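Spelled out from the first residue to the last, the chains are:
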Amino acid sequence: MDIAAILGAIVNEMRGIADRGMLPGYIPPLTQVDPQRFGMAVTMADGRMHVAGDADEAFSIQSISKVYALMLALETCGDPIWQRVRQEPSGTAFNSIVQLESEHGIPRNPFINAGALVIADILLTRFGAEGARARFLQFIRDRDDALPPIAFDEDMARVEYESGFRNAALANYMRTFGNIENPVDAVLKQYFLQCSVTMSCRQLAGTGRGLMRGRTAEPASRHVPTVLALMMMCGHYDGSGAFAVRVGLPGKSGVGGGILAIVPGIASIAVWSPGLNAQGNSLLGTLALEKLVRATGWSVF
Ligand code: DON
(Lines give C-alpha, C1' and ligand atoms only; values in the text may rest on other atoms or scores of the structure.)
Protein backbone atom coordinates (compact mmCIF):
# COMPACT_ATOMS: atom_id res chain seq x y z
CA MET A 1 0.00 0.00 0.00
CA ASP A 2 1.48 3.36 -1.06
CA ILE A 3 0.48 5.60 1.85
CA ALA A 4 2.50 8.55 0.50
CA ALA A 5 0.59 8.44 -2.79
CA ILE A 6 -2.76 8.16 -1.01
CA LEU A 7 -1.94 11.19 1.19
CA GLY A 8 -0.75 13.18 -1.85
CA ALA A 9 -4.02 12.50 -3.67
CA ILE A 10 -6.11 13.48 -0.64
CA VAL A 11 -4.20 16.74 -0.15
CA ASN A 12 -4.72 17.64 -3.81
CA GLU A 13 -8.41 16.90 -3.59
CA MET A 14 -8.82 18.93 -0.38
CA ARG A 15 -7.02 21.94 -1.89
CA GLY A 16 -9.80 22.20 -4.50
CA ILE A 17 -12.73 22.26 -2.06
CA ALA A 18 -14.30 25.71 -1.64
CA ASP A 19 -16.40 25.17 1.52
CA ARG A 20 -13.77 25.00 4.24
CA GLY A 21 -16.04 25.44 7.28
CA MET A 22 -15.98 28.18 9.90
CA LEU A 23 -13.11 29.53 11.98
CA PRO A 24 -13.84 29.66 15.75
CA GLY A 25 -14.79 33.30 16.40
CA TYR A 26 -14.69 32.95 20.19
CA ILE A 27 -10.87 32.54 20.17
CA PRO A 28 -9.67 35.63 18.22
CA PRO A 29 -6.15 34.41 17.26
CA LEU A 30 -7.66 31.33 15.60
CA THR A 31 -9.66 33.54 13.22
CA GLN A 32 -6.35 34.84 11.79
CA VAL A 33 -5.34 31.40 10.48
CA ASP A 34 -5.53 30.81 6.71
CA PRO A 35 -8.42 28.38 6.07
CA GLN A 36 -6.65 27.14 2.91
CA ARG A 37 -4.02 25.42 5.02
CA PHE A 38 -4.18 21.64 4.94
CA GLY A 39 -1.71 19.07 6.25
CA MET A 40 -1.56 15.37 7.02
CA ALA A 41 0.95 13.02 8.63
CA VAL A 42 0.89 9.28 9.25
CA THR A 43 3.33 7.44 11.52
CA MET A 44 3.38 3.71 10.98
CA ALA A 45 4.00 1.17 13.74
CA ASP A 46 7.50 0.51 12.34
CA GLY A 47 8.37 4.20 12.71
CA ARG A 48 8.03 5.24 9.05
CA MET A 49 6.48 8.69 8.68
CA HIS A 50 4.51 9.89 5.66
CA VAL A 51 3.57 13.56 5.30
CA ALA A 52 1.69 15.68 2.78
CA GLY A 53 0.63 19.33 2.40
CA ASP A 54 1.32 21.73 5.28
CA ALA A 55 2.41 18.90 7.58
CA ASP A 56 5.27 20.90 9.09
CA GLU A 57 3.33 24.03 9.93
CA ALA A 58 2.55 24.42 13.65
CA PHE A 59 -1.06 24.96 14.75
CA SER A 60 -2.88 25.22 18.07
CA ILE A 61 -3.74 21.71 19.26
CA GLN A 62 -6.51 23.01 21.58
CA SER A 63 -8.71 20.11 22.74
CA ILE A 64 -6.35 17.43 21.44
CA SER A 65 -4.40 18.36 24.59
CA LYS A 66 -7.19 16.68 26.57
CA VAL A 67 -5.85 13.28 25.47
CA TYR A 68 -2.39 13.95 26.98
CA ALA A 69 -3.87 15.49 30.12
CA LEU A 70 -6.07 12.42 30.63
CA MET A 71 -3.16 10.03 30.06
CA LEU A 72 -0.96 11.97 32.48
CA ALA A 73 -3.72 11.98 35.12
CA LEU A 74 -4.34 8.24 34.66
CA GLU A 75 -0.67 7.36 34.86
CA THR A 76 0.00 9.48 37.94
CA CYS A 77 -3.32 9.35 39.86
CA GLY A 78 -4.83 6.11 38.51
CA ASP A 79 -8.42 4.93 38.47
CA PRO A 80 -9.68 7.14 41.34
CA ILE A 81 -10.02 9.93 38.74
CA TRP A 82 -13.17 8.14 37.55
CA GLN A 83 -14.92 9.19 40.73
CA ARG A 84 -14.75 12.78 39.49
CA VAL A 85 -15.35 12.37 35.76
CA ARG A 86 -17.38 9.70 33.97
CA GLN A 87 -16.73 7.60 30.86
CA GLU A 88 -19.92 8.32 28.93
CA PRO A 89 -20.66 10.21 25.70
CA SER A 90 -22.31 13.56 26.37
CA GLY A 91 -24.37 14.16 23.23
CA THR A 92 -23.96 17.86 23.98
CA ALA A 93 -21.64 20.61 22.73
CA PHE A 94 -18.03 20.65 23.95
CA ASN A 95 -18.68 23.64 26.23
CA SER A 96 -22.17 22.72 27.44
CA ILE A 97 -23.17 23.23 31.09
CA VAL A 98 -26.64 21.64 31.14
CA GLN A 99 -25.82 18.12 32.34
CA LEU A 100 -23.82 19.36 35.32
CA GLU A 101 -26.91 20.54 37.20
CA SER A 102 -28.73 17.20 37.31
CA GLU A 103 -25.53 15.13 37.47
CA HIS A 104 -24.04 16.65 40.66
CA GLY A 105 -21.20 18.53 38.94
CA ILE A 106 -19.64 15.29 37.61
CA PRO A 107 -18.86 15.74 33.88
CA ARG A 108 -19.81 12.97 31.46
CA ASN A 109 -16.25 12.47 30.15
CA PRO A 110 -12.72 13.97 30.19
CA PHE A 111 -12.94 15.35 26.63
CA ILE A 112 -15.76 17.87 27.04
CA ASN A 113 -14.52 21.14 28.54
CA ALA A 114 -16.06 20.45 31.96
CA GLY A 115 -14.29 17.10 32.16
CA ALA A 116 -10.97 18.55 31.01
CA LEU A 117 -11.24 21.26 33.69
CA VAL A 118 -11.63 18.53 36.32
CA ILE A 119 -8.55 16.75 34.92
CA ALA A 120 -6.59 20.05 35.06
CA ASP A 121 -7.72 20.40 38.69
CA ILE A 122 -6.55 16.84 39.44
CA LEU A 123 -3.11 17.64 37.95
CA LEU A 124 -2.90 20.85 39.98
CA THR A 125 -3.70 19.05 43.23
CA ARG A 126 -1.14 16.35 42.45
CA PHE A 127 1.74 18.53 41.21
CA GLY A 128 1.05 22.19 42.13
CA ALA A 129 0.91 24.95 39.50
CA GLU A 130 4.55 24.93 38.37
CA GLY A 131 4.75 21.15 38.53
CA ALA A 132 1.55 20.57 36.58
CA ARG A 133 2.74 22.80 33.73
CA ALA A 134 6.16 21.24 33.55
CA ARG A 135 4.86 17.66 33.84
CA PHE A 136 2.31 18.26 31.10
CA LEU A 137 4.90 19.51 28.57
CA GLN A 138 7.35 16.78 29.56
CA PHE A 139 4.66 14.15 29.17
CA ILE A 140 4.04 15.21 25.55
CA ARG A 141 7.79 15.31 24.85
CA ASP A 142 8.14 11.81 26.26
CA ARG A 143 5.62 10.48 23.70
CA ASP A 144 8.19 10.72 20.92
CA ASP A 145 12.00 10.80 21.24
CA ALA A 146 12.26 12.56 17.89
CA LEU A 147 9.88 15.39 18.87
CA PRO A 148 11.38 18.84 18.24
CA PRO A 149 10.88 21.24 21.17
CA ILE A 150 7.24 21.99 21.91
CA ALA A 151 5.99 24.86 24.05
CA PHE A 152 2.93 26.62 25.38
CA ASP A 153 1.73 29.63 23.36
CA GLU A 154 1.44 31.94 26.36
CA ASP A 155 -0.26 34.69 24.32
CA MET A 156 -2.94 32.28 23.13
CA ALA A 157 -3.48 31.06 26.69
CA ARG A 158 -3.81 34.65 27.95
CA VAL A 159 -6.34 35.62 25.27
CA GLU A 160 -8.43 32.57 26.15
CA TYR A 161 -8.13 33.34 29.85
CA GLU A 162 -9.35 36.90 29.26
CA SER A 163 -12.34 35.81 27.15
CA GLY A 164 -13.09 32.30 28.46
CA PHE A 165 -16.24 33.17 30.35
CA ARG A 166 -17.94 29.89 29.52
CA ASN A 167 -15.06 27.83 30.88
CA ALA A 168 -14.98 30.07 33.97
CA ALA A 169 -18.69 29.38 34.44
CA LEU A 170 -18.17 25.62 34.11
CA ALA A 171 -15.33 25.60 36.65
CA ASN A 172 -17.19 27.83 39.11
CA TYR A 173 -20.30 25.72 38.78
CA MET A 174 -18.43 22.47 39.42
CA ARG A 175 -16.72 24.06 42.39
CA THR A 176 -20.12 24.54 44.02
CA PHE A 177 -20.48 20.73 43.93
CA GLY A 178 -16.99 20.26 45.38
CA ASN A 179 -15.66 18.81 42.12
CA ILE A 180 -13.04 21.55 41.66
CA GLU A 181 -10.55 21.66 44.53
CA ASN A 182 -8.18 24.45 43.49
CA PRO A 183 -8.93 28.15 42.95
CA VAL A 184 -10.88 28.48 39.70
CA ASP A 185 -8.31 30.95 38.41
CA ALA A 186 -5.51 28.45 38.72
CA VAL A 187 -7.57 25.68 37.09
CA LEU A 188 -8.41 27.91 34.10
CA LYS A 189 -4.77 28.96 33.68
CA GLN A 190 -3.59 25.34 33.66
CA TYR A 191 -6.34 24.29 31.24
CA PHE A 192 -5.76 27.16 28.79
CA LEU A 193 -1.99 26.54 28.81
CA GLN A 194 -2.62 22.89 27.98
CA CYS A 195 -4.88 23.91 25.07
CA SER A 196 -2.33 26.46 23.80
CA VAL A 197 0.40 23.95 22.86
CA THR A 198 1.33 24.23 19.19
CA MET A 199 2.44 21.31 17.06
CA SER A 200 2.66 20.37 13.40
CA CYS A 201 0.92 17.32 11.93
CA ARG A 202 4.28 15.57 11.82
CA GLN A 203 4.82 16.20 15.53
CA LEU A 204 1.25 15.36 16.50
CA ALA A 205 1.28 12.04 14.63
CA GLY A 206 4.55 11.18 16.40
CA THR A 207 3.03 11.80 19.82
CA GLY A 208 0.28 9.25 19.06
CA ARG A 209 2.74 6.37 18.74
CA GLY A 210 2.17 5.12 22.29
CA LEU A 211 -1.58 5.02 21.67
CA MET A 212 -1.25 2.78 18.60
CA ARG A 213 1.06 0.38 20.41
CA GLY A 214 -1.62 -1.52 22.28
CA ARG A 215 -1.66 -4.22 19.65
CA THR A 216 2.04 -4.35 18.80
CA ALA A 217 4.90 -6.15 20.54
CA GLU A 218 6.11 -2.89 22.09
CA PRO A 219 5.01 -2.15 25.66
CA ALA A 220 2.02 0.13 26.07
CA SER A 221 0.43 1.81 29.06
CA ARG A 222 -2.40 -0.25 30.55
CA HIS A 223 -4.59 2.84 30.14
CA VAL A 224 -4.35 2.89 26.32
CA PRO A 225 -7.56 0.87 25.70
CA THR A 226 -9.48 3.21 28.03
CA VAL A 227 -8.20 6.34 26.30
CA LEU A 228 -8.93 4.94 22.83
CA ALA A 229 -12.44 3.85 23.83
CA LEU A 230 -13.16 7.35 25.12
CA MET A 231 -11.71 8.92 21.96
CA MET A 232 -14.08 6.79 19.90
CA MET A 233 -17.14 7.60 22.01
CA CYS A 234 -16.44 11.19 23.07
CA GLY A 235 -13.52 12.60 21.05
CA HIS A 236 -15.77 14.65 18.75
CA TYR A 237 -18.43 15.69 21.31
CA ASP A 238 -21.92 15.64 19.81
CA GLY A 239 -20.33 14.73 16.49
CA SER A 240 -18.69 11.55 17.88
CA GLY A 241 -21.33 9.17 16.50
CA ALA A 242 -21.09 10.52 12.97
CA PHE A 243 -17.26 10.48 13.16
CA ALA A 244 -17.34 6.82 14.26
CA VAL A 245 -19.65 5.95 11.37
CA ARG A 246 -17.70 7.90 8.74
CA VAL A 247 -14.11 7.28 9.90
CA GLY A 248 -14.34 4.32 12.27
CA LEU A 249 -11.27 5.23 14.32
CA PRO A 250 -10.70 6.64 17.81
CA GLY A 251 -10.00 10.33 17.25
CA LYS A 252 -9.70 13.62 19.09
CA SER A 253 -10.37 17.00 17.56
CA GLY A 254 -9.47 20.55 18.54
CA VAL A 255 -10.92 23.92 17.52
CA GLY A 256 -7.53 24.72 15.99
CA GLY A 257 -8.66 22.35 13.20
CA GLY A 258 -6.46 19.41 14.13
CA ILE A 259 -7.51 15.79 14.59
CA LEU A 260 -5.41 12.96 16.02
CA ALA A 261 -6.71 9.53 14.98
CA ILE A 262 -5.30 6.14 15.95
CA VAL A 263 -5.33 2.89 13.99
CA PRO A 264 -4.55 0.39 16.79
CA GLY A 265 -1.39 -1.57 16.07
CA ILE A 266 -0.96 0.11 12.67
CA ALA A 267 -0.71 3.90 12.54
CA SER A 268 -1.06 7.27 14.23
CA ILE A 269 -2.60 9.95 11.99
CA ALA A 270 -2.68 13.73 12.31
CA VAL A 271 -4.66 15.99 10.02
CA TRP A 272 -5.07 19.76 10.08
CA SER A 273 -7.56 22.00 8.28
CA PRO A 274 -8.58 25.10 10.28
CA GLY A 275 -12.25 25.38 9.20
CA LEU A 276 -14.77 23.66 11.47
CA ASN A 277 -18.16 21.98 11.12
CA ALA A 278 -21.20 22.79 13.30
CA GLN A 279 -19.88 20.65 16.17
CA GLY A 280 -16.51 22.45 16.23
CA ASN A 281 -14.57 19.64 14.54
CA SER A 282 -12.40 20.09 11.43
CA LEU A 283 -14.65 19.91 8.37
CA LEU A 284 -12.08 18.84 5.79
CA GLY A 285 -9.99 17.00 8.37
CA THR A 286 -12.90 14.62 8.93
CA LEU A 287 -13.47 14.24 5.18
CA ALA A 288 -9.78 13.53 4.61
CA LEU A 289 -9.74 10.86 7.32
CA GLU A 290 -12.82 9.28 5.78
CA LYS A 291 -11.02 9.09 2.43
CA LEU A 292 -7.82 7.75 3.99
CA VAL A 293 -9.69 5.00 5.81
CA ARG A 294 -11.62 4.07 2.68
CA ALA A 295 -8.38 3.78 0.70
CA THR A 296 -6.53 1.79 3.37
CA GLY A 297 -9.26 -0.30 4.99
CA TRP A 298 -8.13 1.04 8.36
CA SER A 299 -11.56 1.43 10.00
CA VAL A 300 -11.70 -0.71 13.15
CA PHE A 301 -15.13 -1.83 12.00
O1 DON B 1 -11.82 25.69 25.96
C2 DON B 1 -12.03 25.89 24.78
O3 DON B 1 -13.12 26.21 24.36
C4 DON B 1 -10.87 25.66 23.83
N5 DON B 1 -9.62 26.01 24.47
C6 DON B 1 -10.79 24.24 23.37
C7 DON B 1 -12.08 23.73 22.77
C8 DON B 1 -11.88 22.75 21.68
O9 DON B 1 -10.81 22.58 21.14
C10 DON B 1 -13.10 22.06 21.20
N11 DON B 1 -12.78 21.19 20.09
N12 DON B 1 -13.10 20.95 19.04
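Per an unreviewed UniProt entry, the protein is named Glutaminase, and its organism is Neoasaia chiangmaiensis. Of the comments in the UniProt record for the protein, the one headed Sequence similarities (unreviewed entry) reads "Belongs to the glutaminase family." Regarding the protein, the UniProt comment filed under Subunit (unreviewed entry) reads as follows: "Homotetramer."

Caption draft 1: A look at the overall build of the protein. Check the secondary structure of the protein and you find 12 helices and seven strands. Its C-alpha radius of gyration of 18 Å places the protein within 12% of the 19 Å reference for a compact globule of 301 residues. The C-alpha extent of the protein, read off along each of the three principal axes, is 55 × 45 × 35 Å. Classification of the 301 residues of the protein by burial places 50% in the buried group. A sequence separation of at least 24 residues applies to 70% of the contacts in the protein between residues at least 6 apart.

Caption draft 2: Highlighting the packing of helix α4 (residues 113-142) against helix α6 (residues 165-176). Contact pair α4 / α6: the axes reach a minimum separation of 10 Å and the direction vectors enclose 65°. Where α4 crosses over α6, the handedness of that crossing is right-handed. Mapping the contact onto sequence places N113, A114, L117 and V118 in α4 and N167, L170, A171 and M174 in α6. Considered class by class, the residues forming the contact of α4 with α6 number six nonpolar, two polar and no charged.

Caption draft 3: Main features of unusual backbone geometry. Here H104, not a glycine, exhibits a phi torsion of approximately 60°, which is positive. Position of H104 relative to the elements: it lies in the loop between α3 (98-102) and α4. By the C-beta count within 10 Å, which is 10 here, H104 ends up exposed.

Caption draft 4: Representation of the site of the ligand within the structure. Taken together, 13 residues lie around the ligand, and Q62, S63, C195, G254 and V255 are the ones closest in. Looking at the shell around the ligand, its residues break down into three nonpolar, nine polar and one charged. Two domains each put at least three residues into the shell around the ligand: domain 1 (3-57 + 198-296) and domain 2 (63-195).

Caption draft 5: Region of interest: the domain arrangement of the protein. Here the protein is partitioned into domain 1 (3-57 + 198-296) and domain 2 (63-195). Relative to domain 2, the C-alpha centre of domain 1 lies at a distance of 21 Å. Between domain 1 and domain 2, the contact holds 29 residues from the first and 30 residues from the second. Put simply, the parts of the chain that give the side of domain 1 that touches domain 2 at least two residues each are β4 (198-199), α8 (201-207), α9 (209-212), α10 (224-234), β5 (251-253) and β6 (258-263). The element contributing the most residues to the side of domain 1 that touches domain 2 is α10, with five residues. Tallied by class, the residues present in the side of domain 1 that touches domain 2 amount to 13 nonpolar, 13 polar and three charged.

Caption draft 6: Geometry of the nonpolar core. In this structure, M40, A69, L117, I119, L123, C201 and I269 are the most contacted members of the largest nonpolar core, which totals 90 residues. Counting residues per element, this core draws most heavily on α4, which supplies 12 residues. Here this core spans two domains, since at least three of its residues come from each of domain 1 (3-57 + 198-296) and domain 2 (63-195). Setting aside its immediate chain neighbours within four residues, I119 contacts A69, L70, A73, V85 and P110.

Caption draft 7: How the structure looks around the sheet that holds strand β2 (residues 49-53). Taken in spatial order, the five strands of this open sheet run β2-β1-β7-β6-β5, and their pairing is antiparallel. What marks the edges here is a single partner per strand, and that holds for β2 and β5. Pairs of neighbouring strands in the sheet enclose a mean axial angle of 10°, with direction left out of account. Two strands pair when backbone bridges link them, and β6 and strand β7 (residues 267-272) are joined in this way by six bridges, in the antiparallel orientation. The partner of V263 across the bridge, within β7, is A267. Along the sheet face, helix α1 (residues 3-15) touches β1 (39-44) and β2 and points at about 20° away from the line of β2. Packed onto the sheet, helix α12 (residues 283-296) meets β1, β6 and β7 and runs at close to 145° relative to β7.

Calculation rules
- Residues numbered from 1 in each chain as written.
- Predicted model: local features only at pLDDT ≥ 70, side-chain atom pairs only at ≥ 80, totals over all residues.
- UniProt positions renumbered as here; feature names shortened; annotations may be inferred.
- Helix = DSSP H or I, 4+ residues; strand = E, 2+ residues; numbered from the N terminus.
- Rg over C-alpha atoms; globule rule 2.2 N^0.38 Å.
- Buried ≥ 20, exposed ≤ 12 C-beta atoms within 10 Å, placed from the backbone.
- Contact = placed C-beta atoms within 7 Å.
- Axes fitted to C-alpha atoms, helices over the stretch in contact; angles between N-to-C directions.
- Left-handed = near helix turned anticlockwise from the far one by under 90°.
- Nonpolar A, V, L, I, M, F, W, Y, C, P; charged D, E, K, R; others polar.
- Near = placed C-beta within 6 Å.
- Domains from an automatic or database assignment.
- Core = buried A, V, L, I, M, F, W, Y, C linked by C-beta atoms within 7 Å.
- Pairing = 2+ DSSP bridges.

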